[in-house]
Amino acid sequence: MKSFFKKSCALATALFLMLSVFVPISNADQPNSVTVSTLEELIAIGNNLSGNYVLEDNIVVPENCEFAPLGSVSKPFTGNFDGNGYSIINLSLTVEEGDSAYLGLFASNAGTVSNLNLVNVSANLGSHKYVYLGSIAAINKASGKIFNCYVSGDVAVSECGTYARVGGIAGINRGLIKDTVSEAGINYKAACYVDIGGIVGDNTGSIVACENRGPVSASTTPEN
C-alpha cells in the first residue's frame, strides 16, 4: 500500500483521549459497514472509496506524520463515513508537488461524511499553481453531503501560482453542508487570486445551519 508518510512516522499506540465537543455519538447502523479505529485503517479507505465506514475510537496522528488526502478529483469518495462522534486529532495534510493541490481528509467527496470531529488539523503546502483546500474535503461535489461535523486547527497558505479556493470545511462546495461548525483559523498570504471563507471558499451548493467561529484573514496583491 502506497504511503506518503515520512519515514520517521510511527503509528500511535493505545492512546485514549476524552474530548468534549458538540457532535453527539450516533447510532451507526449501516449495511456491511467497516469499523475504523487506527491510522492504518483510516489510510486503507483509499483502497475502497465506495465503502461504508464507521469510526469506533479517536485516532491520534503521531507528530511529524503527514497525511495524503483520501481519493482524488478523478476518483472521489462515494461511500459513507460516519465519525460516530469520535475525533481524528492532529491531522497534518500534505500533497506531492504538482500544478494542482487538493487538500482535505478527502481530496473530493461525492458521498456522505457525518458526525466527525477533526481536531487541530493543519495543511502543509509546497509550490502549486492551483490550490483547493478544505479540512474535510478539497471539493464537495454535487452529490456530496457533509453534516454534523466539527473542525478546529490552523490552516495557512503562503504559496500559490494562479488561484486558490480555501475554506474551513471545503474549498469548493457543490453539494450540501449542514449542521457543521468550523473553529479553524485560516490565514492566506499569497500573490494569487483567492476565494476564501470560514466554511467554504467557493459555493454553488447548499450551506444549512452552519457556523464559523474561527478567524479568517487574507492578504494578496491589489489586483487580486
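Because the structure is a prediction, the values reported are computed rather than measured.

A few points about the overall build of the protein chain
Across its full length, the protein chain carries one helix and 23 strands. Split by element, the accessible area of the protein chain, about 10,000 Å² in all, is 48% carbon and sulfur.

Remarks on the pairing of strand β7 (residues 100–103)
The side-chain alternation of β7 yields one buried face, formed by A101 and L103, and one unburied face, formed by S100 and Y102. Two elements, β7 and strand β11 (residues 130–134), share four bridges in a ladder whose sense is parallel. Bridge assignment links L103 to a residue of β11, and that residue is L133.

Examining the nonpolar core
Formed by 51 residues in total, the largest nonpolar core has its most connected members in L42, F81, I88, L91, L105, L116 and Y188. Only α1 (39–43), β2 (52–55), β7, β10 (117–124), β11, β14 (150–157), β15 (163–167) and β18 (181–189) provide two or more residues apiece to this core.

What to know about the side chain of S152
Looking at where S152 falls in the secondary structure, it is placed in strand β14. Residues contacting S152, with those up to four places away along its chain left out, are L118, V119, N120, V121, E183 and A184.

Section: the sheet that holds strand β1 (residues 34–36)
A sheet is described by the order of its strands in space; here seven strands give the open sequence β1-β2-β4-β9-β13-β17-β21, paired in parallel fashion. Bordering the open sheet on either side are β1 and β21 (206–208), each of which pairs with just one other strand. Taking each pair of neighbouring strands and ignoring which way they run, the sheet shows an average axis angle of 10°. Across three bridges, the pairing between strand β4 (residues 80–82) and strand β9 (residues 112–114) is parallel. Counterpart to F81 in the pairing with β9 is V113.

Section: the environment of Y130
Here Y130 shows up in strand β11. What makes Y130 partly exposed here is its relative accessible area of 22%. In the structure, Y130 is positioned 33 residues away from Y163 in sequence and 5.3 Å away in space, judged by C-alpha atoms. When near neighbours in sequence (up to four residues on either side) are disregarded, Y130 contacts D99, S100, A101, T162 and Y163.

Brief notes about the side chain of N58
Among the structural elements, N58 can be located in the loop between β2 and β3 (59–60). Residue N58 is classed as buried on the basis of its relative accessible area of 11%. At a separation of 2.9 Å, a polar atom in the side chain of N58 contacts the main-chain amide nitrogen of S87.

What to know about the pairing of β2
Pairing of β1 with β2 involves three bridges; the strand directions are parallel. What sits directly across from V36, in β2, is L55. In this structure, β2 lies alongside β4, joined through three bridges in parallel fashion. Across the sheet, residue V54 finds its bridge partner in β4, namely D82.

Points about the confidence of the model for the protein chain
Across the protein chain, the average pLDDT comes to 86, with 84% of residues at or above 70. Here residues 1–28 is modelled with pLDDT under 50, and outside its nearest four sequence neighbours on either side it reaches 55 contacts, counting other chains as well.

Conventions used here
Residues numbered from 1 in each chain as written. Predicted model: local features only at pLDDT ≥ 70, side-chain atom pairs only at ≥ 80, totals over all residues. Heavy atoms only, no water. Helix = DSSP H or I, 4+ residues; strand = E, 2+ residues; numbered from the N terminus. Areas by Shrake-Rupley, 256 points an atom, 1.4 Å probe, with all protein chains shown as cover. Buried < 20%, exposed > 50% of the residue type's maximum accessible area, 1.4 Å probe, protein only. Pairing = 2+ DSSP bridges. Core = buried A, V, L, I, M, F, W, Y, C linked by side-chain atoms within 4.5 Å. Contact = heavy atoms within 4.5 Å. Axes fitted to C-alpha atoms, helices over the stretch in contact; angles between N-to-C directions. Polar contact = N/O pair within 3.5 Å; in protein donor to acceptor, adjacent residues only side chain to side chain. pLDDT = per-residue confidence, 0-100.

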